[in-house]
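# Architecture and fold: a report
Letter by letter, the chains look like this.
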Amino acid sequence: MNRRWMLLALLLAGCSTSGTGPDPAGPGGPTGPTSPPASPPVPGASASLGGCQIFPNDNPWNRDVTGDPVAANSAELLAVMSPGNALHLDLGTTEEYYGIPFTVVPPDQPMVTIAYGTDGADYSDESDPGPMPIPLDAPIEGGSAADPTPDAGDRHVLVVRQGECVLYELYNTVRTATGFRVSSSARWDLNVNATRPAGWTSADAAGLPILPGLLRYEDVASGAIRHALRFTVPHVRQAYVAPASHCGQYADASLPP
């Protein structure tokens, strides 16, 4: 598994190309308040990046869930999620390779081509096509200053374009002369609450955006984390819970979606 410093409290792990769709035993997904709260919500520490808020305050990534009921099968799910393992955060304190980098680009960032089929894996039919405003020298997950182009791992690329406030995410990224070759790509409008089409993957196997679930320096410096965190578990079942859109691998009801 690729080392990373990001995590999220909803979904994860590898996905098959078929599945059962939304978890029939679970809710349709958090919807957030339908009317303004009594006091203004406090945006998460990661709410602003390059002048862009990372999704609205009532988005599942940002809303306060302390009043939500605990799932009836919570204890059973936790029991199969490596409960004996300590939480392991790769925050980049000892190795430059740790973590998932992201880049903020100006509104006039030039577009580059996006091709598909890295390592024979092609999810172009579930991807948002290029061109995309991604610098040719954008950092790739798993790389470093000395070795900026890794040849293994998840190789994610995350870019926020200022002005329009759109997030672009790539998976299994390889540089080309005119852009990048990937296995999948996704475009996220940070101004609205939207999800992938049902059954679609993204740069994240669950069909979720990656950037909102990263633990960043600004979160720690602010003294509080006010957004969901992305994490991984060893095995997940063939189901998902909104706002995810892509299922896991195993036909085992005892596993988390």
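Located above this text is the structure these notes cover.
Residue positions are given per chain, counted from 1 along the sequence in the order it is written. Totals for whole chains, interfaces and linings use all residues, but because this is a predicted model, local features are given only for residues with pLDDT of at least 70 and pairs of side-chain atoms are given and counted only at 80 or more. Note that the side-chain values use all heavy atoms of the structure and ignore hydrogens as well as water.

### Comments concerning the overall build of the protein
Note on conventions: DSSP H or I runs of at least 4 residues are helices, E runs of at least 2 residues are strands, and numbering of each starts at the N terminus. From N to C terminus, the protein includes two helices and nine strands. Tracing the protein from N to C terminus, the helices and strands come up as β-β-α-β-β-β-β-β-β-β-α. Split into buried and exposed, the 257 residues of the protein put 44% on the buried side. In these tables, accessible area is a Shrake-Rupley quantity obtained with a 1.4 Å probe, and a residue counts as shielded only by the protein chains included in the view. A total accessible area of about 12500 Å² is found for the protein, and carbon and sulfur atoms account for 56% of it. Whether a residue is buried, partly exposed or exposed follows from its accessible area with a 1.4 Å probe, protein chains only, as a fraction of its type maximum: under 20%, in between, or over 50%, in that order.

### Some words on the sheet that holds strand 8 (residues 179–182)
With mixed pairing, three strands are arranged side by side in an open sheet as 4-8-7. Of all strands in the sheet, those with a lone pairing partner are strand 4 (113–116) and strand 7 (174–175), marking the two edges. Should DSSP find at least two bridges between two strands, the strands are regarded as paired. In terms of strand pairing, strand 4 meets strand 8 through four bridges, oriented parallel. In the sheet register, Ala115 faces strand 8, and the bridge partner there is Arg181.

### A word on the state of the cysteines
Two cysteine sulfur atoms form a disulfide, by the criterion used here, when they sit within 2.5 Å. Overall, the coordinates contain one disulfide when judged by the stated rule. The disulfide partner of Cys52 is Cys165, and the gap between their sulfur atoms is 2.1 Å. Because the torsion about its S-S bond is -85°, the bridge between Cys52 and Cys165 counts as left-handed. Of this pair, Cys52 sits in strand 2 (residues 52–53) while Cys165 is found in the loop between strand 5 (157–161) and strand 6 (166–171), placing the two residues 113 residues apart along the sequence. Given a relative accessible area of 1%, Cys52 falls into the buried group.

### Digging into the nonpolar core
Grouping buried Ala, Val, Leu, Ile, Met, Phe, Trp, Tyr and Cys residues that are joined through side-chain atoms within 4.5 Å yields what is termed a nonpolar core. Ranked by internal contacts, the top residues of the largest apolar core, which has 23 residues, are Val160, Leu190 and Leu211. Of all elements in the fold, only strand 5 and strand 9 (184–189) reach the threshold of two or more residues within this core. Residue contacts are counted whenever heavy atoms from the two residues lie within 4.5 Å of one another. Each residue touching Leu211, except ones within four places of it in the same chain, is listed here: Leu49, Ile54, Phe102, Leu158, Val160, Leu167 and Glu169. Counting residues in hydrophobic clusters, the runner-up holds 14 residues, among them Ile114, Ala138, Ile140 and Leu170.

### A look at the packing of aromatic side chains
Only the six-membered ring of Trp is used, alongside the rings of Phe and Tyr, when aromatic pairs are assigned; centres must lie within 6.5 Å, and planes under 30 degrees apart are stacked while those over 60 apart are edge-to-face, with the rest tilted. The final tally for this structure, using the stated rule, is zero aromatic pairs. Note on criteria: charge over ring means Lys NZ or Arg CZ within 6 Å of the ring centre, with the direction from the centre no more than 35 degrees off the ring normal. For Arg196, the ring lying beneath its charged end belongs to Trp188, and the centroid distance is 5.8 Å.

### Quick look at the sheet that holds strand 6
Spatially, four strands are ordered 3-5-6-9 in an open sheet, and the strand pairing comes out mixed. Either end of the sheet is taken by a strand with one partner, and the two such strands are strand 3 (103–105) and strand 9. Here the strands of the sheet are splayed against their neighbours by 20° on average, with no regard to which way each runs. As paired elements, strand 3 and strand 5 share three bridges and run parallel to each other. Directly across from Val104, in strand 5, lies its bridge partner Val160. Helix axes are fitted to C-alpha atoms over the stretch in contact, other axes to C-alpha atoms as well, and angles between N-to-C directions run from 0 to 180 degrees.

### Notes on the pairing of strand 5
Regular strands place side chains that alternate from one sheet face to the opposite one. Along strand 5, five of the five residues are buried, which leaves the element largely enclosed by surrounding structure. Both strand 5 and strand 6 contribute to a ladder of five bridges, which runs antiparallel. The residue of strand 6 that forms the bridge with Arg161 is Val166. In textbook terms, the turn of a hairpin is the stretch between consecutive antiparallel strands, and for strand 5 and strand 6 this stretch comprises four residues, one of which, Gly163, has a positive phi near 85°.

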